[in-house]
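If you want the building blocks of each chain, they are given just below.
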Amino acid sequence: MTPEFITGFFFDAIKIAISLAAPMLLAGLGVGLLVSIFQAATSINEMTLTFIPKMLAVAVALIFFFPWMMQTMVVFTQNMIEHLIFYVR
């Protein structure tokens, strides 16, 4: 295994981890922003009001993006195993 392979592997792993986390984080951010605007417009200062909509948005995003996430993880794992087998020989 060369240093370039290891560096490339870690770069791909970080890139995939960020892309897998992004849909849920963006859904939580969007719903949090909407709830904050609603709270500012109505002067409701309830701290627990944001948790339930954020949790639901993250759950819906997870359900919606799960097939893509699994496919991405499977392809990454297959490529990793193929490269490891190639370098072991």
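Just above sits the structure.
This write-up is about the structure you can find in this document. (Residues numbered from 1 in each chain as written. Predicted model: local features only at pLDDT ≥ 70, side-chain atom pairs only at ≥ 80, totals over all residues. Heavy atoms only, no water.)

Some details on a nonpolar patch on the surface
To be explicit about the condition: For patch detection, residues must exceed 30% relative accessible area and be free of salt bridges, and they are connected within 9 Å for like charges or within 5 Å for nonpolar side chains (Val, Leu, Ile, Met, Phe, Trp, Tyr). Where accessible areas are quoted, they stem from the Shrake-Rupley method and a 1.4 Å probe; at the residue level, only the protein chains shown are allowed to cover. One speaks of a salt bridge when a side-chain nitrogen belonging to Lys or Arg is within 4 Å of a carboxyl oxygen belonging to Asp or Glu. Helix and strand assignments follow DSSP, with helices taken as H or I runs no shorter than four residues and strands as E runs no shorter than two, numbered in order from the N terminus.
Judged by side-chain polarity, Met-1, Ile-6, Phe-10, Leu-84, Phe-86 and Tyr-87 come together as a nonpolar surface patch covering roughly 590 Å² of accessible area. Those elements that place two or more of their residues in the nonpolar patch are helix H1 (3-42) and helix H2 (51-88). In terms of residue count, H2 provides more of the nonpolar patch than any other element does, three residues in total. Looking at the secondary structure, you find Met-1 in the segment before H1.

Some points on H2
We count it as follows: To estimate the expected span of a helix, subtract one from its residue number and multiply by 1.5 Å. The term bend refers to the angle at a residue between two fitted axes, each drawn through seven residues, those ending there and those starting there. Partly exposed describes any residue whose relative accessible area lies between the buried limit of under 20% and the exposed limit of over 50%, with all areas from a 1.4 Å probe on protein chains only and scaled to the type maximum. A contact between two residues is defined here by any heavy atoms of the two lying within 4.5 Å.
The terminal C-alpha atoms of H2, which comprises 38 residues, lie only 48 Å apart, well short of the 56 Å expected from a rise of 1.5 Å per residue. Of all the bends found along H2, the most pronounced is centred on Phe-65 and spans about 55°, while Pro-67, a proline, follows it within four residues. What H2 keeps buried is the set Ala-57, Ala-61, Met-69, Thr-72 and Phe-76. Contact partners of the buried residues in H2: H1.

Quick look at the side chain of Thr-72
For Thr-72, the position within the fold is in helix H2. Residue classification places Thr-72 among the buried positions, given a relative accessible area of 18%. With sequence-adjacent residues up to four places away left out, Thr-72 is seen in contact with Ile-16 and Leu-20.

Notes on the pattern of salt bridges
Taken as a whole and judged by the stated rule, the model has one salt bridge. Across the salt bridge formed by Lys-15 and Asp-12, the nearest N and O atoms sit 3.9 Å from each other. Here Lys-15 pairs with Asp-12, and both are found in helix H1, just three residues apart, close to one helical turn. With relative accessibility at 46%, the residue Lys-15 sits in the partly exposed group.

Geometric descriptors of this kind do not, in isolation, establish any biological role.
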